[in-house]
Amino acid sequence: MSILDKIKEANLVGRGGASFPTAVKWEAVKNAPGDKKFVICNFSEGEPGVKKDHYILEHYPEKVIDGIKLAMEFLNADKGYVYINPEYHKEFFEKLSELTKETKIEIFKKPHEAGYVGGEESTALNVIEGTRAEPRLRPPFPVTKGLWGCPTLINNVETFFNVSLVNSGDYKKMRFYTISGEAQKKGVYEFPEDYAIERVLKETGNFPDFSFFVQVGGDGSGEVLSDQQLAKLAGGAGSITIHKPGKKKPKELMEDWINFFYSESCGQCTTCREGTYRLKEILASNKPNWTMFLDLLKNLKETAFCGLGSVVPVPIFSYIENVLIINEQTDEEVKNLVEAYKKFKI
Amino acid sequence: MVQNTNYKRLPRRSAPRNDNRGMSNIKLKINDKEIECESGQTIMEAALANDIYIPGLCGHPDFPHKANCRVCVVEIDSGMNPGQGGQGKLMTSCSTLVREGMIVKTDTDRVKKSRNLNIELIFAEHIEKCATCIWRVNCKLLDLADRYKILLTTFKDRKGKRKTYRFSNAVEIDGTQCIDCRNCIDACSQMQKINYLELQGKGVEQEIIPTGDKKIDCIYCGQCALHCPVGSAQEQSSWEDVEKALKDGKKTVVAQISSAALVSIGEEFKEPADDSLYKKIYSALRQLGFKYVFDDSLPNVISAARGALGILNHEYGQTIITSSCPAWVKYAHFYRPELEGKFLNLRSPHMIGGGIIKSYLAKEKNINKDDLTVVSILPCTAAKFEIERKELKEGGKRVDHVLTVRELAWMIKKNRIELNKLAEGEKDTLTSEEIKAPMMGASGGETEMVFQTANYLSNSKKNDKLEQEKGILYAASGVKEIAIEIPGRIMHVAVVNGIGNIIPVLDNLKKYDFIEVMACPGGCAGGGGQAFPTNDKLRKQRLGLLRGLDKADDDGKMQSAVLDWLEKNNLENETLYKVI
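The model shown is predicted, which means the values in this text are computed figures rather than measured ones.

Criteria and thresholds
Residues numbered from 1 in each chain as written. Chains lettered and ligands numbered in written order. Predicted model: local features only at pLDDT ≥ 70, side-chain atom pairs only at ≥ 80, totals over all residues. Heavy atoms only, no water. Helix = DSSP H or I, 4+ residues; strand = E, 2+ residues; numbered from the N terminus. Rg over C-alpha atoms; globule rule 2.2 N^0.38 Å. Buried < 20%, exposed > 50% of the residue type's maximum accessible area, 1.4 Å probe, protein only. Contact = heavy atoms within 4.5 Å. Pairing = 2+ DSSP bridges. Axes fitted to C-alpha atoms, helices over the stretch in contact; angles between N-to-C directions. Parallel < 35°, antiparallel > 145°, perpendicular 65-115°, else oblique. Left-handed = near helix turned anticlockwise from the far one by under 90°. Buried area = accessible area lost by both parts, 1.4 Å probe. Salt bridge = Lys/Arg side-chain N within 4 Å of Asp/Glu carboxyl O. Polar contact = N/O pair within 3.5 Å; in protein donor to acceptor, adjacent residues only side chain to side chain. Core = buried A, V, L, I, M, F, W, Y, C linked by side-chain atoms within 4.5 Å. Phe/Tyr/Trp six-rings, centres within 6.5 Å; stacked < 30°, edge-to-face > 60°. Domains from an automatic or database assignment.

Description of the overall build of chain B
A tally of regular secondary structure across chain B gives 19 helices and 18 strands. Over its C-alpha trace chain B gives a radius of gyration of 25 Å, about what one expects of a compact globule, namely 25 Å for 580 residues. Expressed along its principal axes, the backbone C-alpha trace of chain B runs to roughly 80 × 55 × 50 Å. Expressed as a percentage of its 580 residues, the buried residues of chain B come to 61%. Of the contacts formed within chain B by residues at least 6 apart in sequence, a portion of 71% connects residues at least 24 apart.

Quick notes on the sheet that holds strand 13 (residues 320–321) of chain B
All names here are of chain B. Strand order in the open sheet formed by four strands is 13-18-17-16, and the pairing between neighbours is mixed. What marks the edges here is a single partner per strand, and that holds for strand 13 and strand 16 (478–486). Along the sheet face, helix 16 (residues 464–473) touches strand 16 and strand 17 (489–497) and points at about 170° away from the line of strand 16.

Considering the environment of Val-188 of chain A
Residue and element names in this part refer to chain A. As for its position among the elements, Val-188 is in strand 6 (residues 187–192). On a C-alpha basis, the gap between Val-188 and Gly-238 in space is 9.8 Å, while along the polypeptide they are 50 residues apart. When neighbours within four sequence positions are excluded, Val-188 is seen to be in contact with Lys-51, Lys-52, Tyr-55, Phe-176, Tyr-177 and Thr-178.

Observations concerning the packing of helix 9 (residues 297–312) of chain B against helix 11 (residues 349–364) of chain B
All names here are of chain B. One can describe the packing of helix 9 onto helix 11 by two numbers: an axis separation of 8 Å at closest approach and a directional angle of 115°. Comparing the axis directions of helix 9 and helix 11 gives the class roughly perpendicular. Crossing angle aside, the handedness with which helix 9 passes helix 11 is right-handed. Seen from helix 9, the contacting residues are Leu-298, Pro-299, Asn-300, Ile-302 and Ser-303; seen from helix 11, they are Pro-349, Ile-352, Gly-353 and Ile-356.

Section: the interface of chain A and chain B
On the side of chain B, 45 residues touch chain A, which itself brings 47 residues to the contact. Interface area, chain A with chain B, both sides summed: about 3800 Å², of which 52% is carbon and sulfur. Contact with chain B buries area across many residues of chain A, yet Arg-132, Arg-278 and Glu-302 of chain A alone supply 18% of it, more than any other trio. In this structure, the connection of chain A to chain B is made through seven salt bridges. We note a salt bridge from Arg-158 of chain B to Glu-274 of chain A, for which the minimum N-O separation is 2.6 Å. Taken together, the connections running from chain A to chain B amount to 21 residue pairs in polar contact (both at pLDDT 80 or more). Of all the secondary-structure elements, those providing two or more residues to the side of chain A that touches chain B are strand 3 (105–109), helix 6 (121–129), helix 9 (250–264), helix 10 (270–284) and helix 11 (290–303) of chain A.

Concerning unusual backbone geometry
Across the junction of Pro-139 of chain A and Pro-140 of chain A, the peptide omega takes the value 5°, indicating a cis bond. Looking at the secondary structure, you find Pro-140 of chain A in the loop between helix 6 and strand 4 (152–156). The residue after Phe-532 of chain B, namely Pro-533 of chain B, is reached through a cis peptide bond having omega 0°. As for its placement among the helices and strands, Pro-533 of chain B is situated in the loop between strand 18 (514–518) and helix 18 (536–549). In this structure, Asn-11 of chain A takes a positive phi of about 55° despite not being glycine. Overall, the relative accessible area of 58% leaves Asn-11 of chain A in the exposed class. The residue Asn-195 of chain B is not glycine, and still its phi comes out positive at about 60°. Within the secondary structure, Asn-195 of chain B is located in the loop between helix 4 (183–191) and strand 8 (197–200).

Let's talk about the nonpolar core
In terms of nonpolar packing, the biggest core is built from 110 residues, with Phe-167, Leu-197, Trp-328, Ile-356, Phe-451, Ile-499 and Ile-515 of chain B touching the most fellow members. In terms of residue count, helix 11 of chain B provides more of this core than any other element does, seven residues in total. If we skip the residues at most four places from it in the chain, Phe-167 of chain B touches Ile-173, Tyr-196, Leu-197, Pro-210, Cys-218, Tyr-220 and Gln-236 of chain B. Counting 64 residues, the second largest nonpolar core, distinct from the first, contains Leu-253, Ala-304, Val-312 and Ile-320 of chain A.

Structural notes on helix 14 (residues 405–414) of chain B
Taking burial as the measure, the 10 residues of helix 14 of chain B include eight buried ones, the bulk of the element. One or two residues past the end of helix 14 of chain B sits Arg-416 of chain B, with phi positive at roughly 55°.

Things to note about the pairing of strand 4 of chain A
Taking burial as the measure, the five residues of strand 4 of chain A include five buried ones, the bulk of the element. The two faces of strand 4 of chain A match: Thr-152, Ile-154 and Asn-156 of chain A on one face and Leu-153 and Asn-155 of chain A on the other face are all buried.

Quick look at the packing of aromatic side chains
Evaluation of the coordinates by the stated rule reveals 36 aromatic pairs over all chains. Consider the rings of Trp-290 of chain A and Phe-293 of chain A, whose centres lie 5.1 Å apart with planes at 80°: the pair is edge-to-face. Placement of the pair is Trp-290 of chain A and Phe-293 of chain A together in helix 11, with a separation of three residues, close to one helical turn. A single burial state applies to Trp-290 of chain A and to Phe-293 of chain A, both of which are buried. Judged by centre distance (5.9 Å) and plane angle (25°), the ring pair of Trp-328 of chain B and Tyr-331 of chain B falls under stacked.

Some points on the sheet that holds strand 10 (residues 233–235) of chain B
All names here are of chain B. The strand order 6-7-10 describes an open sheet built from three strands, whose pairing is antiparallel. In this open sheet, the two strands that pair with only one neighbour each are strand 6 (164–167) and strand 10. Neighbour to neighbour, the strand axes of the sheet diverge by 20° on average, direction disregarded. Judged from the four bridges that link them, strand 6 and strand 7 (residues 171–174) form a sheet pairing that is antiparallel. When the bridges of strand 7 are listed, Phe-167 appears paired with Val-171.

Concerning the environment of Val-74 of chain B
Residue and element names in this part refer to chain B. As for its placement among the helices and strands, Val-74 is situated in strand 3 (residues 73–76). C-alpha of Val-74 to C-alpha of His-227: the two residues are 153 residues apart in sequence and 24 Å apart in space. Setting aside chain neighbours within four positions, we find Val-74 in contact with Ile-43, Ile-54, Leu-90, Met-91, Ser-93, Val-104, Lys-105, Thr-106 and Val-111.

What about the pattern of salt bridges?
Applying the stated criterion across every chain, the model contains 63 salt bridges over all chains. With a closest N to O distance of 3.3 Å, Glu-27 of chain A and Lys-8 of chain A form a salt bridge. Here Glu-27 of chain A, found in helix 2 (residues 22–31), pairs with Lys-8 of chain A, found in helix 1 (residues 3–10); they are 19 residues apart in sequence, far enough to count as distant. The class for Glu-27 of chain A is partly exposed, based on a relative accessible area of 29%. We classify Lys-8 of chain A as partly exposed; its relative accessible area is 37%. Taking the shortest distance from any N to any O, the salt bridge between Lys-101 of chain A and Glu-98 of chain A comes out at 3.2 Å. Judged by relative accessible area, which is 52%, Glu-98 of chain A ranks as exposed. In this structure, a network of salt bridges that share partners links the residues Arg-273 and Glu-274 of chain A together with Glu-125, Arg-158, Lys-159 and Asp-180 of chain B.

Section: the domain arrangement of chain A
Interfaces are often described in size by the accessible area the parts lose on coming together. Residue and element names in this part refer to chain A. Assigned domains of chain A: these are domain 1 (3–168), domain 2 (174–243) and domain 3 (250–345). Facing the 11 residues of domain 1 at the interface are eight residues of domain 3. Across the domain 1 to domain 3 interface the summed buried area is about 880 Å²; carbon plus sulfur atoms make up 73%. When residues of domain 1 are sorted by the area they lose upon contact with domain 3, Tyr-116, Glu-134 and Pro-135 head the list and together hold 58% of the total. Linking domain 1 with domain 3 are zero salt bridges. Inspection of the domain 1/domain 3 interface yields two residue pairs in polar contact (both at pLDDT 80 or more).

What follows is the structure, encoded as structure tokens:
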């Protein structure tokens, strides 16, 4: 059975966060016309609260490299890249160099200033090409016009790891979960991919004995769920961060999110560059204009240039919807926010 | 492993606009209107072709779309958004191609809400300096505010403390007005390949700055200004100085307007360009207070005659390069000083004109040279720099001020002169005979003019082959190569249309006997001081009008006469171009 058929049979999906079917991507690159093709393993792991790629590289680096080699072989690719964030580079460079000796795989250190957006796949292309760390306009998509205009396959570390497992017949539909926040036993755990959040927390001994809420899929862009909504799967990049209500005031929490996106915004599009600036400004004001706050968030979802911009509202809308609304609020400002949200059409 | 870390460079953008264009016809609906258009068009293009207005700020037809202002967003029915999983964000109509059966809405509440919010966010990036802003008369931001009834002040201005970067005395970028669309960078890098402008910083900190690289310098071509949608990149204005001179009773103020400005200024007034309009422009100039008004026919004939002599006396094996474009001259001085001895020994036409006005006119009319102010009206920003160059100021300034087409239009509007209601006026002349102008100002024009004149001067005949082939010279863009016969020999000529095409020509200098260079695409017809907007269609329209102004006789007598006139009046020094 070909590697592509094996991937199809295993129903592999990308583990970078978007859960895009892996076989579809591989086929698209395979079928795209082009003399040269490239493979990139995205090891930037810029989403806060996610540490599973680090864990995989620590324990199974040879599997990841094997996955990259399989892809390069399948595509007859000219070159492969391990695109790696600067902190991880320090830690893994030697090991990876050893493993990629005499291969056409280059270890590419993502510059520090490329930041969060540097992990977005089309941004990674720009960074490798040596231009500004910003997402590209799509279409064309990287699968047809990627590095230097050539068809390019970009997959996450965990995806390549799974490809290697699929190939050797060891894939057991498992995935990695990063647990952090107010957890007893923080860390990266491996469980079946169909485990609900609740089960993951219980089996790792992390289920809190206090009322709590979680942010799932990344501390930046992840969705916030109450402790009554844990039958869901931990999607995206598979992280579960436990929050204890009252530890931070609602406004402080929202400030954390907005400050993160504000300082990571590449500045290419009006919506995100100006939008996150104004969101920060509103949160800093004595009398926040919540209607404008919500409008700006919704506008990010509607018109941001890239996927990272359009997820800015995800943590905040879900936090209001799943946590603030269902609990009685005493703070005047928070009450106003909840009221504004109720009148607001998402 | 060597990594390229020039992260100030903007990513290359693929997908030129005309990919797959016109492959087939497509039917779609925009706002319930059935529309048929060519494949490969964007939604915005299809809408505009059908009189459906979609606003946009960052797009320019000279560049691949960037889709960064997010003002042109539209709603597309679910399932039709490529890559958006059917759920559908709003899509930028400037970058989304039409598809069969597409249903597009440009004015739903959802669209209005986001579009207006993005416009409001952009307003707060741009500090209004309307009182003295020459762009006020065609300001896209004021237009949008008015059209959609949007407040300019929803958000507080956030760029109040940004710097203004001035490039010599010619062009500037005012950071307090920049809306981060990056057209200036496209103009400077993609179009002109100068790479003088860079984008520094990220997020709200990003700023357009001049490069710190000492090997790169601005050539003052002004394409950044011509492509800036909001006048953040603009000419350093001279209209205040001109107004002051016009009000100063002691000064005799003289205007000389170039053909390439004459043919386009009507665009600023939505008036069709014809002889009648040109004459009204002369009237407008007089109404503004200019005592004498000249066009550029005399300096053009002088350029043709002197250029022809340069060719006829040219030493075999040496390359001759034109020197009429001040941005090109600046480029050569900075990047290729070794070209020094190869220039035609000629000033640019308006410098020739200025010299003659300051000497001949002053003497004829008995005006003290110091009381004479010469103002050139040109579609050029580099000329502002040129008139201040010290080697050209030797013996006194020939031209005191340069106004761009935009500046003159602003002065006319500001003084509430209604161009279409003016009586037709006449231009002044310096010679007793009427000078019929040959054409300058279009890429290829100087070559045709100089070579035809060389033919006339040596055997009083027109070069018919060149006449037949001149379409090649005027071809729209890039480098045009042509072999032209002059008595006794064939010369290999390259016409460089746009400085972005210069490198391969300079790298093969020995291949050519004659090189014409115009730094701006299309030559002065697309000059950095041209009317706003400028695009390929308008450049071509202006080129056509310029050719219509070419009324030179075919016998070369005029050129001979002008050379005699120069000699008789001892004006030859006024035409010489000396590079120091």
